[in-house]
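Remarks on the overall topology
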Amino acid sequence: MNFRALIAGASLCFALGNPVHADIVQQTKGDFVDKFRQLDEILPTPNDYRNAAGEPGKAYWQQQVDYRIEVTLDENRRRLSGTETITYHNNSPYRIKYLWLQLEQNRFKPDSAAERSVAFGGIGRRGPSTRNIEDDKPAGISLGELRRQQYYADNEIGYDISAVVDASGTPLPFTVVGSQARIDLPATLEPGGQFQFRLDFAFNILEENAVSARSGYERFPDDARKGGNDVFLLAQWFPRVAAYSDYEAWHNKEFLGRGEFTLEFGNYDVRMTVPADHIVASTGVLQNPQETLTRAQRQRLETAKTAPRPVFIVTAAEALENEKQGTRRTKTWHFKADNVRDFAWASSRKFIWDARGYTQGGAEQPLVMAMSYYPKEGGDLWKKYSTESVIHAMEVYSRFTFDYPYPVSISVNGPVGGMEYPMITFNGPRTTWHKDESRTYSLAEKRFLLGVVIHEVGHNYFPMIVNSDERQWTWMDEGLNSYLDGVAGREWDPDIPWGVEPRDVIEYMKSDVQVPIMTQSDSVLKLGPNAYAKPAVALNILREVILGRELFDFALKEYAQRWKNKRPTPSDFFRTMEESSGIDLDWFWYGWFYTTDHVDIAIDRVHRLRLDTENPDIDFDRRRQEELDKPGSLFVERNRAEGRKTWVELNRDVRDFYDKNDRFTVTNKERNEYREMLEKLKPREREALQRAVKEDKNYYVVDFSNLGGLVMPILLELTYKNGSKEDIYIPAEIWRRSPHKVSKLIVTDKRRELVSLVVDPGWETADVDVENNHYPRRIIPSRIEAFKKEKSKQPEHRDIMHDIKTEAKEPEKEVYKK
């Protein structure tokens, strides 16, 4: 044995016949993959608009679009008509010859690219779905799809644009291209210039429950008013100028229904004329409360600013009375909003309205009015939790980003399950009406309300303020927002499953429908897991496992504050997180966001080694004991059991030297060689060897395999013979030179003998196979179920609030007969 190599830490001598393993296992020829490739090889080159630190560059710019809109809601015809005056500010260094508009209402026209590209299987909020064409089952069509087709056949859909003129009234060339339109300018718009034009538009409002359009009306035909009532949620309702950026120029990817919106910031001045008995909730600040609200409502709003719990501005009794009649009179509500990227509103005579002031302090917006608007169908569920969860969301998100900058934050109940706009969100959960005239809700519905309100209010931060490109990269707003709503949700009630734990993405990550997170939104196969859950889990792991809370929280806040009211790209996020944390994360971004690799780290083998002392009197005795500890021969054991004597036992008169000395007998030759070896050692080497021999530590070599391809830190739990445990963190860099297999040396004190090891015992890294994490392997826990047992309804979906009132029935006597 080469002792100099041993003392230098290069290798260990064998024990029990096992080979020595270094920390790196040699790659098979030709199969090396650089999992630590520098991301700058993939990301756009930094420039004066976006620098290498992930900050807005010294020449960063973005456009501004201001809107002045007057719009009228025709309740009976369910039609919206309006006039908008748009002022476009060219803050770019480029000359612009034309403007592109987004006409999202045209997306639902039968001849739109979105409708014509729908594969059989239907389309919903998450985009088209297809049936398995290899499935032998006959094709079918749902009743919901039939209703949708019939609605399209019975209604005129899309914009009716009657005028596009410049400030002097001169018509402008206007070309409709699907759900977009191009306006040719009369003269090139120079850098620093602005252009103003007017556009007259109208469209029939979609029935949301029939079409699933993210906005529209909902019918309540059973209300006391003849013909019933509607709740109108108005979003994507006016033609909007498309974004124009340094990295893509015009963002004119057509709206197909899944990839959401990419917009410019601007100032809005909007007047909505609606039935006089309607209550309007809107982006912005109400400019004419004296004309639209009663004195009592204004007084209640003032009281709500400092109230400890929400105050009703419109009570349930008032809303119930209001929905009974209707009126031919109208009322105009006037709202203004500065520096927002969109504008949405809601209108109905059914609305209950409550509010509570949230005092967040700070110089920008010290008081925010949190408000909820909901019909009676929202019931106690909305009364108790909507406005409170709005405030909770702001409290948590602001802690990780910046103070909420708007004067209001609104939650509206209607037919949309969950959508977000500046200062206002649409949220769907409701109570259930029963014949005993009570309203109750299930635990699942309560969790749905809390989750969707927190999530949608959180979107005010991402992307309403940190203005990422939703059409291109859904994960930049949905993923970051899902991560933070998971933080806020678990701070509300950790017993609610928020869907952002590493275990929540295991099935998706090992599936064959996974695509990289960086995939363009309309091409993602499973939007929920891909754009919401997986990036949220990745960020959760980055915070809790890789960076730690202090570094992660600092970096995320730096990103949010750098890009507040600006438009970041993925490269800006990746670079900011690395630059602010001081940690090279290229391997993490590449593996989690650019590949479909998954986490599956297995323990293959564990070798226990013992340091040879080179003292023959010690080492040969150890080897003799090791030989004795091996299992004996079954043949020999059975012969002895039969009483069969060996030749040696039967012939004791024949003996020689080797009957008294075995192969481990030490001679003076070995002792002399040992002394000579010690004399050749330098004092420092001799001291190190003597200390190692004295300490007699345990040496273990653990062999790991990366079966999923995604490199991750190895979180290792060691269990010792005395029952104690120890956690070891092995950084992901161990895979740098060998991404498939590595070995790690673990040294423990003599008294701490290993009995078992587990990788990721707390399920913190989304490892898809926890069974190969154990060494020795454990018996796999499972369940057994009777084949004829019917699957029960999930407990949280039962409406216990109502079912608890059920009277017990007297059992029939036959039940007790044997």
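Residues numbered from 1 in each chain as written. Predicted model: local features only at pLDDT ≥ 70, side-chain atom pairs only at ≥ 80, totals over all residues. Heavy atoms only, no water.

Helix and strand counts for the chain stand at 21 helices and 34 strands. Taking 818 residues into account, the globule formula puts the C-alpha radius of gyration at 28 Å, and the chain, at 35 Å, lies well above it. Seen along its three principal axes, the alpha-carbon backbone of the chain occupies a region of about 125 × 85 × 60 Å. Relative to its 818 residues, the chain shows a buried fraction of 52%. Taking all contacts inside the chain whose residues are at least 6 apart in sequence as the whole, residues at least 24 apart take part in 76%. Accessible surface, the chain: about 40,300 Å² in total, of which carbon and sulfur atoms supply 49%. Computing the positive centroid from 115 side-chain charges and the negative centroid from 127, the chain places the two 2 Å apart. (Helix = DSSP H or I, 4+ residues; strand = E, 2+ residues; numbered from the N terminus. Rg over C-alpha atoms; globule rule 2.2 N^0.38 Å. Buried < 20%, exposed > 50% of the residue type's maximum accessible area, 1.4 Å probe, protein only. Contact = heavy atoms within 4.5 Å. Areas by Shrake-Rupley, 256 points an atom, 1.4 Å probe, with all protein chains shown as cover. Lys, Arg positive; Asp, Glu negative; His and termini not counted. Charge placed at Lys NZ, Arg CZ, Asp CG, Glu CD.)

What follows is about the sheet that holds strand E21 (residues 352-359). Read across the open sheet, the six strands follow the order E18-E21-E22-E23-E25-E24; overall the sheet is mixed. Since the sheet does not close on itself, it has two edges, and those belong to strand E18 (311-314) and strand E24 (418-421), each with one partner. For this sheet, the mean inter-axis angle between neighbouring strands, taken without regard to orientation, is 20°. Each of E18, E21 and strand E22 (367-374) touches helix H6 (residues 295-304); the most contacted strand, E18, lies at about 155° to it. Across the sheet, helix H9 (residues 443-458) touches strand E23 (408-413), E24 and strand E25 (424-427), and the angle it forms with E25 is around 150°. (Pairing = 2+ DSSP bridges. Axes fitted to C-alpha atoms, helices over the stretch in contact; angles between N-to-C directions.)

Most peptide bonds are trans, and most residues other than glycine sit at a negative phi. The step from Phe462 to Pro463 runs through a cis peptide bond, and the omega angle for that step is 15°. The residue after Tyr775, namely Pro776, is reached through a cis peptide bond having omega -5°. For Pro776, the position within the fold is in the loop between strand E34 (774-775) and helix H21 (800-803). Its identity as a non-glycine residue notwithstanding, Asp760 has a phi of 50°, on the positive side. In this fold, Asp760 is placed in the loop between strand E33 (754-759) and E34.

With that settled, the discussion passes to the sheet that holds strand E11 (residues 229-234). One open sheet accounts for four strands, arranged E10-E11-E20-E16; its pairing is antiparallel. At either end of the open sheet lies a strand with only one pairing partner, and these are strand E10 (216-220) and strand E16 (279-282). Shown here is a sheet whose adjacent strand axes are inclined to one another by a mean of 10°, direction ignored. Pairing analysis gives five bridges linking E10 to E11, with the strands arranged antiparallel. Its bridge partner being in E11, Phe220 is matched across the sheet by Asn229.

Enumeration according to the criterion identifies 46 aromatic pairs in this entry. Aromatic pair Tyr159 and Phe203: ring centres 5.5 Å apart, planes at 80°, arrangement edge-to-face. Separated by 44 residues along the polypeptide, Tyr159 in the loop between helix H3 (143-154) and strand E6 (160-166) and Phe203 in strand E9 (residues 194-204) bring together distant segments of the chain. The class of Tyr159 is buried, set by a relative accessible area of 10%. Classification of Phe203 as buried rests on a relative accessible area of 2%. With a centroid separation of 6.0 Å and 70° between ring planes, the pair formed by Phe351 and Tyr373 is classed as edge-to-face. (Phe/Tyr/Trp six-rings, centres within 6.5 Å; stacked < 30°, edge-to-face > 60°.)

As a further point, take the nonpolar core. Trp237, Trp345, Phe573, Trp589, Trp592 and Phe704 are the most contacted members of the largest nonpolar core, which totals 195 residues. Looking at this core, the element that brings in the most residues is helix H12 (residues 527-547), giving 13 residues. Apart from residues no more than four positions distant in its own chain, Phe573 is found in contact with Trp475, Met476, Leu480, Leu539, Leu556, Tyr559 and Trp589. (Core = buried A, V, L, I, M, F, W, Y, C linked by side-chain atoms within 4.5 Å.)

Turning our eyes to something else, we now look at a nonpolar patch on the surface. Together, Ile141, Leu143 and Leu146 line one region of the surface with nonpolar side chains, adding up to about 300 Å² of accessible area. Note that Leu146 resides in helix H3. We classify Leu146 as partly exposed; its relative accessible area is 32%. (Patch = residues over 30% accessible without salt bridge, like charges linked within 9 Å, V, L, I, M, F, W, Y side chains within 5 Å. Salt bridge = Lys/Arg side-chain N within 4 Å of Asp/Glu carboxyl O.)

Between helix H8 (residues 379-400) and helix H10 (residues 475-492), the least distance of the axes is 10 Å, while the angle of their chain directions is 115°. Every pair of crossing elements has a handedness; the one defined by H8 and H10 is right-handed. Only Asn481, Leu484, Asp485, Val487, Ala488, Glu491 and Trp492 of H10 make contact with H8, whose side of the interface consists of Tyr385, Glu388, Ser389, His392, Val396, Tyr397, Arg399 and Phe400. For the contact of H8 with H10, the per-class residue count stands at eight nonpolar, three polar and four charged. (Left-handed = near helix turned anticlockwise from the far one by under 90°. Nonpolar A, V, L, I, M, F, W, Y, C, P; charged D, E, K, R; others polar.)

Across the eight residues of E21, seven count as buried, placing the element largely inside the fold. Both E18 and E21 contribute to a ladder of three bridges, which runs antiparallel. Within E21, the residue paired with Val311 across the bridge is Ala355. Of the strand pairs in this sheet, E21 and E22 are connected by eight bridges, and their pairing is antiparallel. Bridge assignment links Tyr358 to a residue of E22, and that residue is Val368.

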